[in-house]
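Topology and contacts: notes
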Amino acid sequence: KQEVTQIPAALSVPEGENLVLNCSFTDSAIYNLQWFRQDPGKGLTSLLLIQSSQREQTSGRLNASLDKSSGRSTLYIAASQPGDSATYLCAVTPRATGGFKTIFGAGTRLFVKA
Amino acid sequence: DAGVIQSPRHEVTEMGQEVTLRCKPISGHDYLFWYRQTMMRGLELLIYFNNNVPIDDSGMPEDRFSAKMPNASFSTLKIQPSEPRDSAVYFCASSYLPGSYEQYFGPGTRLTVT
């Protein structure tokens, strides 16, 4: 059974710092891995989608990497800003489920101090 | 497109009452997903549809929960009768092809059952 773990559960950093959020998954047979952002009381916003054949994706100050063999992904946020404060969720779509059942991690709650 | 639309945004009801949550997916998306998010269990997939047909409802917790998709632009999740442990945020998401494309989430419905 696929499990997704995110470390740390919470993180507080000063503005301007570069940071890394970690995600690990137990079964490397996945279609893709997706990073989401969730603001308090809001829905999920897709940040980056990495297909199983890809190693990384970049969008602005965000860079996500995928290492299927080790079952790990990282989300790198450069020059963090207070507006980056949110919960970041990692999610994988396992092949075993036909590609249609996404498994989410519990998230990392990020707080960027001004 | 306005994105995935959910209504109501907040629902407070008494135990035993029927609750109906509504979702309008993004036009052209063939897949629709209902999720539930709680502090204890995180984000869980309840059921998903493909071309208006329920494909997998193994995540539906009990027979009190039912979901329908009468057409490509509308879905409902019904709880009857509701119980306090059903209190959660319910998200609807849609996707063109989940294995290859992102899932887009609605803002969620926060349900409180007293």
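Notes on the structure follow. (Residues numbered from 1 in each chain as written. Chains lettered and ligands numbered in written order. Predicted model: local features only at pLDDT ≥ 70, side-chain atom pairs only at ≥ 80, totals over all residues. Heavy atoms only, no water.)

**Description of the state of the cysteines**
All names here are of chain B. Defined as follows: Disulfides are defined in this document as cysteine sulfur pairs within 2.5 Å. In DSSP terms, a helix is any run of H or I states spanning at least four residues, a strand is any run of E spanning at least two, and both are numbered starting from the N terminus. Only protein chains enter the accessibility calculation, which uses a 1.4 Å probe. A residue is then buried if its area is under 20% of the maximum for its type, exposed if over 50%, and partly exposed in between.
Under the counting rule described, the total for this entry stands at 2 disulfides over all chains. Two residues, cysteine 23 and cysteine 92, share a disulfide whose sulfurs are 1.8 Å apart. In this structure, the disulfide formed by cysteine 23 and cysteine 92 twists by about -65 degrees around the S-S bond and is classed as left-handed. One end of the pair, cysteine 23, is in strand β3 (residues 19-24); the other, cysteine 92, is in strand β9 (residues 88-95), and 69 residues separate them in sequence. Judged on exposure class, the residue cysteine 23 and its partner cysteine 92 are both buried.

**Let's talk about the side chain of glutamine 103 of chain B**
For clarity, the threshold we go by: By the criterion applied in these results, polar contacts are pairs of N or O atoms within 3.5 Å in which, for protein atoms, one can donate a hydrogen and the other can accept it, and in which residues neighboring in sequence qualify only through two side-chain atoms. Residues count as neighbours in contact if any of their non-hydrogen atoms are within 4.5 Å of one another.
Assignment of secondary structure puts glutamine 103 of chain B in the loop between β9 and β10 (104-105). A polar contact is formed between the side chain of glutamine 103 of chain B and the side chain of threonine 102 of chain A, at a distance of 2.7 Å. A distance of 2.9 Å separates the side chain of glutamine 103 of chain B from the side chain of tyrosine 35 of chain B, its partner in a polar contact. With residues up to four places along the chain from it excluded, the contact list for glutamine 103 of chain B reads Gln34, Phe36, Ser46 and Thr102 of chain A together with Phe33, Tyr35, Ala93, Ser94 and Ser95 of chain B.

**As for the interface of chain B and chain A**
The following threshold applies: By convention, the term buried area covers the 1.4 Å-probe accessible surface removed from two parts as they join, with the contributions of both added. We count a salt bridge whenever a side-chain nitrogen from Lys or Arg sits within 4 Å of a carboxyl oxygen from Asp or Glu. By the convention adopted, Pro, Cys, Tyr, Trp, Phe, Met, Ile, Leu, Val and Ala count as nonpolar, Lys, Arg, Asp and Glu as charged, and the other residues, Gly among them, as polar.
Residue-level contacts link 21 residues of chain B with 17 residues of chain A. Taking both partners together, chain B and chain A bury about 1,600 Å²; carbon and sulfur atoms supply 54% of that area. Along the contact surface separating chain B from chain A lie 1 salt bridge. Residue lysine 101 of chain A is joined to aspartate 56 of chain B by a salt bridge in which the shortest nitrogen-to-oxygen separation is 3.1 Å. Sorting the residues of the side of chain B that touches chain A by element identifies β4 (31-38) and β5 (42-50) of chain B as the ones contributing at least two each. Split by residue class, the side of chain B that touches chain A holds 11 nonpolar, 6 polar and 4 charged.

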